[in-house]
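Single-letter residue listing:
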Amino acid sequence: LPISQYGLPLSDPFYARAEPAGYYHYFYIWGALVRWVTGGLVDSRMAFAATAFWSGLAFVALLWRVAKDAALIRFGRDRRFLLVCILLCFVTGLDLVPTLLHYLVTGSAARQVDYWSEEIRFALTSMIWVPHHLGGLVAVWCGALLLHRTAAPQRPVPRFALAGLAGIAFATAFGMSAWIALGAAPALMIWAIVEARRGRPQLLLFALAAALVALAVAAPQLVDLLHGRVSDGAPVKLWIRRFSGFQYDSAGVVQMLLVLALLPIGYAIDFGLFALGGNLYQRLYGGSGAASAAGRPIRSFLFIGFLTSLQIVRFNRSSIINNEHGQRILWKAQFAAMIWTAAVI
């Protein structure tokens, strides 16, 4: 409503500060445009609900598109794979198990099953609750797929134009979800370097061009994040990802080591079926030489994104109050695990 009535920059809807909002607002522009074009016939709540709905459809389409480019779909199985992707969007982790155990031991029920440890939400609840983060993930992957096509030797393409569009996609991701974009940046950098060493140096060149475009377009949001969100220091600080039952105010070395040792168990519970599917995929196909060479770069980006997001959220957190750094950066790993699980199924 504020965007459609007063335009941009809008006042900050999350922290009620005097300065304009520097991130998240890209996602809401679509709903504001719908309300403005229809002259209020579609009100703000209806428009926002529609954007959440469409982000869910776009997410399902992205699962299929990435799997297709990664050569993970067998010939003639596209429709079946897409159906599996749709069904997996209704699946979450095994958070109910530790939540029930906690209730049996303490007699008190958690407000939400995701709260037994550091929160991880999958597709359906993310679409309903935080669709802008899903939108940011879609934008990151659109940029990555465009970069992949800049280095494709099969047919002539306007390579620098695609790189520019990729940069705009990355800036759009930053405008919808700062944490999704920041989590994707190291994965994209490592991926471009790895592919250059594998004989595709042009990908690194076009990735640098896309990065320059993204930095230029996203400069206002980046400046706001660095200077307008915390009273002092950086918006990200070092920590060890929280595990249920441990308090961090006076954490010692022994406790930190214990938490690090338990984190894989926490991830396995949080990922549930997707932990099993991802593990099976890596065991069955991860080192297979028979996989299509055409899909290797995208499979590589899936794996790099999976590893980097796990490491980032393991040792970093947001300094911004009530912000979702760890829950959202992990979507790179969640997305890969969903595709691997669908491939196994």
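Here the structure is a predicted model, which is why all the values come from computation and not from measurement.

The rules behind these values
Residues numbered from 1 in each chain as written. Predicted model: local features only at pLDDT ≥ 70, side-chain atom pairs only at ≥ 80, totals over all residues. Heavy atoms only, no water. Helix = DSSP H or I, 4+ residues; strand = E, 2+ residues; numbered from the N terminus. Expected span 1.5 Å × (residues − 1). Buried < 20%, exposed > 50% of the residue type's maximum accessible area, 1.4 Å probe, protein only. Core = buried A, V, L, I, M, F, W, Y, C linked by side-chain atoms within 4.5 Å. Contact = heavy atoms within 4.5 Å. Polar contact = N/O pair within 3.5 Å; in protein donor to acceptor, adjacent residues only side chain to side chain. Axes fitted to C-alpha atoms, helices over the stretch in contact; angles between N-to-C directions. Left-handed = near helix turned anticlockwise from the far one by under 90°. Nonpolar A, V, L, I, M, F, W, Y, C, P; charged D, E, K, R; others polar.

Over its 13 residues, helix H2 (residues 25-37) extends 18 Å from the first C-alpha to the last, a length consistent with the 18 Å expected when each residue adds 1.5 Å. For H2, the complete set of buried residues consists of His25, Phe27, Gly31 and Ala32. Just past H2, the residue Gly39 takes up positive phi, approximately 65°.

In terms of nonpolar packing, the biggest core is built from 74 residues, with Phe59, Trp141, Phe335 and Met338 touching the most fellow members. Ignoring sequence-local partners within four residues, the contact set of Phe59 consists of Cys89, Ala123, Leu134, Leu137, Val138, Trp331, Phe335 and Met338.

To continue, consider the side chain of Gln334. With respect to the helices and strands, the residue Gln334 is situated in helix H16 (residues 331-344). For Gln334, a relative accessible area of 0% puts it in the buried group. In terms of polar contacts, Gln334 uses its side chain to reach the backbone carbonyl oxygen of Arg121, at 2.7 Å.

With that settled, consider the packing of helix H7 (residues 131-150) against helix H14 (residues 296-315). H14 packs onto H7 with a crossing angle of 145° between their chain directions and a minimal axis gap of 11 Å. The interaxial crossing formed by H7 with H14 has right-handed handedness. Within the contact between the two elements, H7 uses Trp141, Ala144, Leu145 and His148 and H14 uses Pro297, Ile298, Phe301 and Leu302. Split into classes, the residues belonging to the contact of H7 with H14 amount to seven nonpolar, one polar and no charged.

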